[in-house]
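Here's the letter readout for the chains.
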Amino acid sequence: TAENLNPINFLENYESNIVTARAIASLYMNYEIVSGLNFRSSINIDWRNRKHDTFLPSYVGLFRNPPPQDATGSHSASTITNWLNENTLTYDKTFGNDHRASFLLGYTVQKEVTGTESIDGTGFPDDDVTTLNAATIITGSTGIAEWSLLSYLARVNYAFKDKYLVTATVRRDGSSRFGGNNKWGVFPSGSVGWRISQEEFMRGLASVSDLKLRASYGFAGNNSIGNYTYIPGIT
């Protein structure tokens, strides 16, 4: 069998330090233009940073590659900034005692930017200085990736005597992850509901507080295909 490293030696002497930081912030405002008509705008930010530093001494080795081996070190870091802005206009109206309706128009935009860097070092003169400035051979790379999503949406809710419910929605989404000829998608949906517990024949049943039957149909989609995959590559 091939020689291998000492696992206890590896666990005790392999240096791997990870530092992460994350900040989440949210701010919104709501303004009632007239009675029943409200405008709401919000901004949400999610920021993440991660750093990872490693050092493998010459007397540790790797799997199927026992010591002594050249000491190696690495540094990698990533920063992700994701922000989302949502803007909605809603209107609620009651007609008489039996009819209630609500209308919503919305516009949202979201963007994420990821920056990465990776540095590897070899040729350390000894195992005493573990930072990459001691390496004689250094290689590295950096990268930036980003995506964005733009959405328009509308919704109408109608209720008759709070028993019979109708909802219609539509949204139009555009994603930077798709090609120019197919960047937008339209997704309509509708539903009907019957709140059975509001009927007279149910009011005597104390064991049932709320019972509703609902049926819906619509279309949905997603942009989970990765960044820039619609662009042909050449090797």
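Structural data are supplied above this passage.
Definitions and cut-offs
Residues numbered from 1 in each chain as written. Predicted model: local features only at pLDDT ≥ 70, side-chain atom pairs only at ≥ 80, totals over all residues. Heavy atoms only, no water. Pairing = 2+ DSSP bridges. Helix = DSSP H or I, 4+ residues; strand = E, 2+ residues; numbered from the N terminus. Buried < 20%, exposed > 50% of the residue type's maximum accessible area, 1.4 Å probe, protein only. Polar contact = N/O pair within 3.5 Å; in protein donor to acceptor, adjacent residues only side chain to side chain. Contact = heavy atoms within 4.5 Å. Salt bridge = Lys/Arg side-chain N within 4 Å of Asp/Glu carboxyl O. Phe/Tyr/Trp six-rings, centres within 6.5 Å; stacked < 30°, edge-to-face > 60°. Lys NZ or Arg CZ within 6 Å of the ring centre and 35° of its normal.

1. Description of the pairing of strand β6 (residues 164-175)
Note that strand β5 (residues 137-160) and β6 share 12 bridges and pair antiparallel. The partner of Arg-155 across the bridge, within β6, is Thr-169. Taken together, β5 and the strand that follows it, β6, pair antiparallel across an intervening segment of three residues, in which Lys-161 is found at a positive phi of about 60 degrees.

2. What about the pairing of β5?
Sheet topology note: the strand β4 (residues 99-122)/β5 ladder contains 24 bridges and is antiparallel. In the strand pairing of β5, Val-113 is matched with Glu-146.

3. So, the side chain of Thr-54
For Thr-54, the position within the fold is in strand β2 (residues 37-56). Thr-54 gets classed as buried once you look at its relative accessible area, which sits at 13%. Of the polar contacts made by the side chain of Thr-54, one reaches the side chain of Ser-74; its length is 2.5 Å. Beyond its immediate sequence surroundings of up to four residues, Thr-54 is in contact with Tyr-14, Glu-15, Ser-16, Thr-72, Gly-73 and Ser-74.

4. A few points about the pattern of salt bridges
The final tally for this structure, using the stated rule, is eight salt bridges. A salt bridge links Lys-163 to Glu-199; the shortest N-O distance between them is 3.6 Å. Note that Lys-163 is positioned in the loop between β5 and β6 and Glu-199 in the loop between β7 (184-195) and β8 (212-218), a separation of 36 residues in sequence. The exposure class assigned to Lys-163 is buried, which follows from its relative accessible area of 15%. One salt bridge in this structure joins Asp-210 and Arg-195, with 3.4 Å as the shortest N-O distance. With a gap of 15 residues between them, Asp-210 in the loop between β7 and β8 and Arg-195 in strand β7 connect regions that are remote in the sequence.

5. Brief notes about the packing of aromatic side chains
Each aromatic ring pair is described using two quantities: the centre-to-centre distance and the angle formed by the ring planes. Scanning the model with the defined rule gives seven aromatic pairs in all. Geometrically, the ring pair formed by Tyr-217 and Phe-219 is edge-to-face, given 5.7 Å between the ring centres and 75 degrees between the ring planes. Like Phe-219, Tyr-217 is exposed. A network of ring pairs unites the aromatic residues Tyr-107, Tyr-152 and Trp-184 as a single cluster. In this structure, Arg-172 is placed above the aromatic ring of Trp-184, and the distance from its NZ or CZ to the ring centre is 4.2 Å. Directly above the aromatic system of Tyr-230 lies the positively charged group of Lys-183, at a separation of 5.6 Å from the ring centroid.

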